[in-house]
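Listed here are the chains, written in short residue letters.
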Amino acid sequence: MKQQFLYILMALFTMSINASTKQYSEPDFAFPKQVSAQASEMLEKAVADGNGKLAVRALVNYGLAQCAVDNDSLPEVIARISAVESKETDPCIKSMLTLLKARIYNDIYQNDRWKYDRREIPDTPLPDDYLLWSGRQFRARIMSLLDSALANPKPLQQARLIDFKELLIAGNNDYTFYPTLFDFVAGKAINLLSNMGEQQPIFAIDMLSPFTVYSTMRFNYQSPAAQRILELYRQLLDAHADNAAPFIIWDIERIKFISSHVYRDMSSYNAVRNDEAKLMLDLYQRFNRSEYAAEPLISLFSILEFDNDNNEEMPVSATEYYSLVNNQLKLHPEYFRNNALRNIVKSLSQPRINARYSRILAPGDTLAVDINNRNAADYTINVYRIPYNRDNGESF
């Protein structure tokens, strides 16, 4: 049970507190019994005053302190979170508490997943002791908690994430791309669900589609986790249809998620890559007057393969892409991610020679060398003949 303290530490400290306000500051966990007593007192006061955010802070402190004192105290910590959650009337605080429980159960499950997944026991009844659960039971509980955390999305979409800054570690730009509490809860749910399936989902290539098409699709996948993820991306994009920054960032994440799970082999690799690149280019073109259009351009750079034999199939050439990046820098010289764009310009400007030739030739054949020259004013290719080697039967 020693590892349980580490689980709770990871689960709770990702929602750790900004120390700018004294009552939300991090206590000295070198004295866990004292912290536990203070957290219990803080929790009682927070509940009595209806201060949901302070109650979350108190539960974080209490959970960390209790697990430091007694590694077997995690069930009692979960029970205390549930007790506060059951009385909480603020849907935003209630959602965060439910998400917190889902993360704790997920950490327990993922740490020893192989053991839990090997258990073949009936799904019901559910044992009181979670250490006796099967992998299916863990996944069902986690997904049920995530569904509950997102069951009432409207107040989460109306709540500004920056109003919860005491409970989160985030940079100023994070609030631009993820402006609402719904972004936070849904994003954490997607992260958990991405590792939840018994097997990774495999999508058909037509899932790589623009949002205008994706928004009307019917999802019918055997994996409940994949089904939920696809629906969450649709909800997030619908919620931010008129807000460039979050729409762009969530659509990029949607495209990357689907592309990483599209079936591909040697014959379809280029098709998947090109479809993903085209979607990034379409996203840029839709918002090309916005400073946030830099984001799909940056993502596009990691997809494009200008030295690939089949680069003529890509939706944009190196020259065209170079022009788009430079134009973005010119239109928005103060954008906070412009260094990434400048690095792209620098990379594309560097001289590069790529030589392709057959590595197997019969006596009398002609050696043909195909040269791809980017930005090099001149270059030299040296061809050497190495004498035949009887030991390995090869010559070069």
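Keep in mind it's a predicted model, so treat the numbers as computed, not measured.

(A) Layout of helix 14 (residues 269-286). With 18 residues, helix 14 extends 26 Å from end C-alpha to end C-alpha; this agrees with the ideal 26 Å at 1.5 Å per step. What helix 14 keeps buried is the set N270, V272, R273, N274, E276, A277, L279, M280, L281, L283 and Y284. The inward-facing, buried residues of helix 14 abut helix 13 (244-260), helix 15 (294-303) and helix 16 (318-331).

(B) Molecular detail of the packing of helix 4 (residues 74-87) against helix 5 (residues 91-111). At a minimum axis distance of 9 Å, the contact between helix 4 and helix 5 shows a crossing angle of 160 degrees. Judged by the inter-axis angle, helix 4 sits roughly antiparallel to helix 5. The two elements helix 4 and helix 5 meet at a crossing, and its hand is left-handed. When helix 4 is examined against helix 5, the residues L74, I78, I81, S82, V84, E85 and S86 are found in contact with a partner set consisting of K94, L97, T98, L100, K101, I104, Y105 and I108. Its residues assigned to classes, the contact of helix 4 with helix 5 comprises nine nonpolar, three polar and three charged.

(C) Seen up close, the pattern of salt bridges. One pass over the full model with this rule turns up 15 salt bridges. Across the pair D49 and K45 runs a salt bridge, and its minimum N-O distance is 2.8 Å. With a gap of four residues between them, D49 and K45 both fall in helix 2 (residues 32-49), about one helical turn apart. Accessibility assignment for this pair places D49 and K45 in one class, exposed.

(D) How the structure looks around a nonpolar patch on the surface. A cluster of nonpolar side chains, I353, Y357, L361, L367, V369, Y379, I381 and V383, forms an exposed patch at the surface whose accessible area comes to about 690 Å². Mapped onto the elements of the fold, L361 is located in the loop between strand 1 (352-357) and strand 2 (369-374).

(E) Spotlight on the confidence of the model for the protein chain. Put simply, the protein chain has an average pLDDT of 85, and 87% of its residues get 70 or more. Ranking the elements of the protein chain by mean pLDDT puts helix 1 (residues 4-13) last with 39 and helix 8 (residues 153-158) first with 98. In the model, residues 1-20 has pLDDT below 50 throughout and makes 58 contacts with residues more than four positions away in sequence or in other chains.

(F) Spotlight on the nonpolar core. Core analysis: the largest hydrophobic core is formed by 105 residues, its most contacted members being Y105, F164, L181, Y214, I258 and Y321. Sorting elements by how many residues they give to this core places helix 5 first, with 11 residues. Non-local contacts of Y214, meaning those with residues more than four positions away in its chain, are made with M207, S209, F219, L230, Y233, R234, R254 and I258.

(G) Fine view of unusual backbone geometry. Omega for the peptide link from T124 to P125 comes to 0 degrees, which places this bond in the cis form. Along the polypeptide, P125 turns up in the loop between helix 6 (113-117) and helix 7 (135-149).

(H) Fine view of the packing of aromatic side chains. A full pass over the atoms with the stated rule returns 21 aromatic pairs. Their ring planes at 35 degrees and their centres at 6.4 Å tell us that F211 and Y214 sit as a pair that is tilted. Taken together, the residues F211 and Y214, both in helix 11 (residues 211-214) and three residues apart, mark about one turn of the helix. Residues F211 and Y214 agree in their burial class; the two are buried. Here a set of aromatic residues connected by ring pairs shows up, and it is made of Y105, Y109, Y116, Y130, W133 and F138. In this structure, K53 is placed above the aromatic ring of F164, and the distance from its NZ or CZ to the ring centre is 5.5 Å. Across the ring face of Y214, the terminal group of R254 is positioned such that the distance to the ring centre comes to 4.5 Å.

(I) Broad picture of the packing of helix 5 against helix 7. Close contact between helix 5 and helix 7 brings their axes to 8 Å; oriented N to C, the two are set at 160 degrees. Looking at the two axes, helix 5 sits roughly antiparallel to helix 7. Seen along the crossing, helix 5 lies across helix 7 with a hand that is left-handed. Together, S95, T98, L99, K101, A102, Y105, N106, I108 and Y109 of helix 5 and G135, F138, R139, R141, I142, L145, L146, S148 and A149 of helix 7 make up the contact between the two elements. Taken together, the residues that form the contact of helix 5 with helix 7 break down as 10 nonpolar, five polar and three charged.

(J) View of the environment of L361. A relative accessible area of 41% places L361 in the partly exposed class. Filtering out sequence-adjacent residues up to four positions away, L361 remains in contact with T366 and L367.

(K) Expanded view of the side chain of D251. Its place among the elements puts D251 in helix 13. Here the side chain of D251 touches R254 through a polar contact of 2.6 Å, side chain to side chain. Beyond its immediate stretch of four places on either side in the chain, D251 contacts F211, L237 and L283.

(L) Looking closely at the side chain of S259. Residue placement: S259 occurs in helix 13. Since its relative accessible area comes to 3%, S259 is described here as buried. Side-chain polar atoms of S259 contact the side chain of E276, separated by 2.7 Å. Ignoring any residue separated from it by four or fewer positions in sequence, one finds S259 in contact with L208, R264, V272 and E276.

(M) Broad picture of the environment of E295. Among the structural elements, E295 can be located in helix 15. Dropping the residues within four chain positions of it, E295 is found in contact with F177, I248, I249, I252, Y335 and R337. Side chain to side chain, E295 and Y335 meet in a polar contact 2.7 Å long.

What counts and how
Residues numbered from 1 in each chain as written. Predicted model: local features only at pLDDT ≥ 70, side-chain atom pairs only at ≥ 80, totals over all residues. Heavy atoms only, no water. Helix = DSSP H or I, 4+ residues; strand = E, 2+ residues; numbered from the N terminus. Expected span 1.5 Å × (residues − 1). Buried < 20%, exposed > 50% of the residue type's maximum accessible area, 1.4 Å probe, protein only. Contact = heavy atoms within 4.5 Å. Axes fitted to C-alpha atoms, helices over the stretch in contact; angles between N-to-C directions. Parallel < 35°, antiparallel > 145°, perpendicular 65-115°, else oblique. Left-handed = near helix turned anticlockwise from the far one by under 90°. Nonpolar A, V, L, I, M, F, W, Y, C, P; charged D, E, K, R; others polar. Salt bridge = Lys/Arg side-chain N within 4 Å of Asp/Glu carboxyl O. Patch = residues over 30% accessible without salt bridge, like charges linked within 9 Å, V, L, I, M, F, W, Y side chains within 5 Å. Areas by Shrake-Rupley, 256 points an atom, 1.4 Å probe, with all protein chains shown as cover. pLDDT = per-residue confidence, 0-100. Core = buried A, V, L, I, M, F, W, Y, C linked by side-chain atoms within 4.5 Å. Phe/Tyr/Trp six-rings, centres within 6.5 Å; stacked < 30°, edge-to-face > 60°. Lys NZ or Arg CZ within 6 Å of the ring centre and 35° of its normal. Polar contact = N/O pair within 3.5 Å; in protein donor to acceptor, adjacent residues only side chain to side chain.

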